[in-house]
Number of protein chains: 2
Amino acid sequence: MEPRKLFIYIACSLDGYIAKPNDDLSFLDVASKEGEDYGYAEFISTIDTVIVGRKTYDWVMKQIGEFPHAKDKESFIITRTPRPSEGNLHFYSGDLKELVDQLKSKPGKHIFCDGGAEVIQTLLKEDLVDEMIIFTMPIMVGEGTRLFKDGRPERRVNLVSTKAYDTGVVRVHYELRREARGERRKAIGER
Amino acid sequence: MEPRKLFIYIACSLDGYIAKPNDDLSFLDVASKEGEDYGYAEFISTIDTVIVGRKTYDWVMKQIGEFPHAKDKESFIITRTPRPSEGNLHFYSGDLKELVDQLKSKPGKHIFCDGGAEVIQTLLKEDLVDEMIIFTMPIMVGEGTRLFKDGRPERRVNLVSTKAYDTGVVRVHYELRREARGERRKAIGER
C-alpha cells in the first residue's frame with residue numbers, strides 16, 4: 001500500500017503571497033475560467049484528511065458558514081483553544097508532528113494541509129510535508145501574507161512536474177521527501 | 001525598431017530568496033550542470049546596458065575583482081555616493097526612473113537589471129520593468145534576501161513561457177508591460 005502523504009496544494013501570487021492584507025483573496029480571480037478546476041477534483045479525490053489553521057477555519061466559516069471538507073473528510077483545525085469535536089471536525093491543540101505521525105501511521109488516503117501560512121510554516125519546519133503543488137497566479141499583489149515565512153531549515157526538493165495554463169497560471173509540483181530518501185539511498189550505495 | 005526593454009533575469013529559491021544570509025549564493029550550485037547555461041549566452045547577447053545596485057557591485061568586486069559586464073556594456077551602478085565614471089562603468093546617484101526613461105529613449109539593445117533586491121524593488125515600484133525571467137531552484141533556503149520585498153503596487157503580468165530543466169530548475173518568463181498595453185487596447189475597444 002502506498003504510504004499516506006501530506007500535501008500542500010495552494011495558490012499564490014508571482015511575488016509569493018497567498019493573501020493580500022485583510023485576508024483578501026480576490027486576486028485569485030485572475031485564474032477564473034469556466035470549466036477549469038486546475039486538477040482540484042482529481043487531487044481532492046486522493047484525500048481523506050484535512051488539516052487547517054484556526055484562522056483559516058474562521059475565515060472559511062465567516063465566508064461560507066460551514067467547513068466543506070468536514071462533510072466527507074476528517075478535518076483537524078489546529079488551534080491553541082481546545083474545543084470538543086463536531087462529527088468529522090476536530091479541534092487539535094497538541095503537537096502538530098504527533099498528529100501527522102499518528103495520521104500517517106494509519107491506513108488511508110492522503111492528507112491535505114489547506115493553509116494557512118502559520119501551519120504550513122510549522123509543517124515545513126518539522127519536515128512533515130511530502131509534496132507541494134503550487135499554483136502561481138499571473139499577478140504581483142505587492143504585500144500580504146507570504147506562503148513562505150522566514151526561518152526554516154534549508155531543504156532540497158525534487159521537481160515532479162510543471163504545467164502552464166492558458167490563463168497564465170503556472171503549476172509546479174515538488175516532492176520534499178523522495179529527495180531525502182534518494183540521498184539516503186545514495187549515501188548507502190556509496191559506502 | 002523594437003523598443004528597448006528592461007529585463008530582470010534572476011535565480012531564486014523555491015521559497016523566494018535570491019541569497020541566503022550574508023550574501024551566500026552557494027545554493028545556486030544545485031543548478032550546476034556541465035554545458036547548461038540556462039539560456040544566459042543567448043539572453044546576454046540581446047543586452048548592451050546593465051543596471052545593478054551598489055551592494056551587488058561591491059559583492060561582485062569582492063568576489064572576482066572586476067565588474068565583467070563593464071567590458072562590453074554600459075554599466076550603471078546605483079549608489080547614494082557619487083563617483084566619477086571609469087570607462088563603461090557609471091556610478092549613478094540620480095533618480096532611477098529618469099535613468100531608465102533616458103536609456104529607453106535612445107536606440108540600443110535591451111537593458112538588464114542584474115540585482116540586487118533593492119534596485120529591483122524600486123524598478124517594480126516605479127513600473128519600469130518590461131520583462132522578468134525567473135529561474136526557480138529546486139531548494140528552499142529558509143531565510144535570506146527576498147526577490148520580492150513587501151510594499152509594491154498590485155500588478156497583472158502576462159505569462160510568456162515556462163521551461164522545466166532536468167536539473168529541477170523551472171524558468172518562468174513574464175511580460176509586465178504588454179499586459180498593460182493590452183488592457184489599454186481593450187479599454188479603448190470597449191468604449
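Here the residue numbers are simple positions, counted from 1 along each chain's written sequence. Whichever chain is written first becomes A and whichever ligand is written first becomes 1, with later ones labelled in order. The predicted origin of the model limits local features to residues at a pLDDT of at least 70 and limits the giving and counting of side-chain atom pairs to 80 or more, whereas totals for whole chains, interfaces and linings rest on all residues.

1. Some thoughts on the overall build of chain A
Under the convention used in this document: In this description a helix means any DSSP run of H or I spanning at least four residues, a strand means any run of E spanning at least two, and both kinds are numbered starting from the N terminus. Each radius of gyration is computed over the set of C-alpha atoms, and the globule rule expresses the reference value as 2.2 Å times the number of residues to the power 0.38. Each residue is classified by how many other C-beta atoms fall within 10 Å of its C-beta atom, where C-beta atoms are placed from the backbone; a count of 20 or more means buried, 12 or fewer means exposed, and values in between mean partly exposed.
Each helix and strand counted, chain A has five helices and 12 strands in total. In terms of C-alpha radius of gyration, chain A reaches 17 Å, essentially the compact-globule figure of 16 Å for 191 residues. Across its three principal axes, chain A shows a C-alpha extent of roughly 55 × 45 × 35 Å. Looking at chain A residue by residue over its 191 residues, the buried ones come to 35%.

2. What to know about the interface of chain B and chain A
How big an interface is tends to be expressed through the accessible area that disappears when the partners come together. Filter applied, for reference: Two residues qualify as being in contact provided that their C-beta atoms, derived from the backbone, are within 7 Å of each other. Each residue is assigned to one class: nonpolar for Ala, Val, Leu, Ile, Met, Phe, Trp, Tyr, Cys and Pro, charged for Asp, Glu, Lys and Arg, and polar for all the others, Gly among them.
At the interface, 27 residues of chain B touch 27 residues of chain A. Broken down by secondary-structure element, the contributors of at least two residues to the side of chain B that touches chain A are strand 8 (139-140), strand 10 (155-156), strand 11 (158-164) and strand 12 (170-175) of chain B. Of the residues forming the side of chain B that touches chain A, the biggest block, four residues, is contributed by strand 11 of chain B. Looking at side-chain class alone, the side of chain B that touches chain A contains 14 nonpolar, six polar and seven charged residues.

3. Quick word on the environment of E131 of chain B
Residue and element names in this part refer to chain B. Secondary-structure assignment places E131 in strand 7 (residues 131-137). For E131, a count of 19 C-beta atoms within 10 Å gives the class partly exposed. Residues E131 and K5, spaced 126 residues apart in sequence, show a C-alpha to C-alpha distance of 7.4 Å. In this structure, E131 is in contact with K5, F7, H173, Y174, E175 and L176, ignoring residues within four places of it in sequence.

4. Considering the relation of the copies chain B and chain A
How we decide: When the copies are superposed, the least-squares fit takes in the C-alpha atoms of residues with a pLDDT of at least 70 in both.
Once turned by 180° and shifted 0.0 Å along the axis, chain B lies on chain A with an RMSD of 0.0 Å. Expressed as a symmetry operation, the mapping of one chain copy onto the other fits a two-fold axis. Closest to the rotation axis within chain B is the C-alpha of G16 of chain B, separated from it by 3.5 Å. When the interface residues of chain B are mapped onto chain A, 100% of them again lie at the interface, so the same face is used by both copies.

5. Topic: the sheet that holds strand 12 of chain B
Residue and element names in this part refer to chain B. Quick reminder of the rule: By this definition, two strands are paired if DSSP reports at least two bridges between them. Structural elements are reduced to axes, namely lines fitted to C-alpha atoms, with helices fitted over the stretch in contact, and the angle between N-to-C directions of any two is expressed from 0 to 180 degrees.
One open sheet accounts for eight strands, arranged 5-4-3-6-1-7-12-11; its pairing is mixed. Two strands bound the open sheet, and with one partner strand each, they are strand 5 (89-92) and strand 11. Averaged over neighbouring strand pairs, the angle between their axes works out to 20° when direction is ignored. Pairing of strand 3 (residues 47-53) with strand 6 (residues 110-113), which is carried by four bridges, proceeds in the parallel orientation. The residue of strand 6 that forms the bridge with I47 is H110. Where helix 2 (residues 54-64) meets the sheet, it contacts strand 3 and strand 4 (74-78), and its direction lies at approximately 100° from that of strand 3. Along the sheet face, helix 3 (residues 96-105) touches strand 1 (6-13), strand 3, strand 4, strand 5 and strand 6 and points at about 170° away from the line of strand 4.

6. So, the environment of E126 of chain A
All names here are of chain A. By the secondary structure assignment, E126 is in the loop between helix 4 (117-125) and strand 7 (131-137). Here the alpha-carbon distance between E126 and L96, two residues 30 residues apart in the chain, equals 8.6 Å. Not counting residues within four places of it along the chain, the set of residues in contact with E126 comprises L96 and K97.

7. Section: unusual backbone geometry
Cis geometry marks the peptide bond from G115 of chain A to G116 of chain A, where omega comes out at -5°. Locating G116 of chain A in the fold gives a position in the loop between strand 6 (110-113) and helix 4. Within the chain, D23 of chain B stands out as a residue other than glycine whose phi angle is a positive 55°. One can find D23 of chain B in the loop between strand 2 (17-19) and helix 1 (40-44). Accessibility expressed as a C-beta count within 10 Å gives 16 for D23 of chain B, which makes it partly exposed. Its identity as a non-glycine residue notwithstanding, Y38 of chain B has a phi of 55°, on the positive side. As for its position among the elements, Y38 of chain B is in the loop between strand 2 and helix 1. By C-beta crowding, Y38 of chain B is classed as partly exposed, having 18 other C-beta atoms within 10 Å.

8. A short note on the sheet that holds strand 11 (residues 158-164) of chain A
Residue and element names in this part refer to chain A. The strand order across the open sheet built from eight strands is 5-4-3-6-1-7-12-11, with neighbouring strands paired in mixed fashion. In the strand order of this sheet, the two ends are held by strand 5 (89-92) and strand 11, each with one partner. On average, each strand axis in the sheet is tilted by 20° relative to the strand beside it, whichever way the strands run. Each of strand 3 (47-53) and strand 4 (74-78) touches helix 2 (residues 54-64); the most contacted strand, strand 3, lies at about 100° to it. Contacting strand 1 (6-13), strand 3, strand 4, strand 5 and strand 6, helix 3 (residues 96-105) crosses the sheet at an angle of about 170° to strand 4.

9. Thoughts on the confidence of the model for chain A
Residues and elements named next belong to chain A. Worth spelling out the cut-off: Looking at any residue, its pLDDT shows the predictor's confidence there, from 0 to 100.
Considering every residue of chain A, the mean pLDDT works out to 93; 92% of them sit at 70 or more. Counting contacts from residues 187-191, a segment whose pLDDT is below 50, to residues more than four positions away or on other chains yields zero contacts. Across the assembled chains, the prediction reports ipTM 0.92 with pTM 0.92.

10. Some remarks on helix 4 of chain A
What counts here: This arc corresponds to the set of directions leading from the helix axis out to the C-beta atoms.
Among all positions of helix 4 of chain A, only A117, V119, I120, L123 and L124 of chain A are buried. Considered in projection along helix 4 of chain A, the buried side chains sweep an arc of 160° and stay on one side of the axis.

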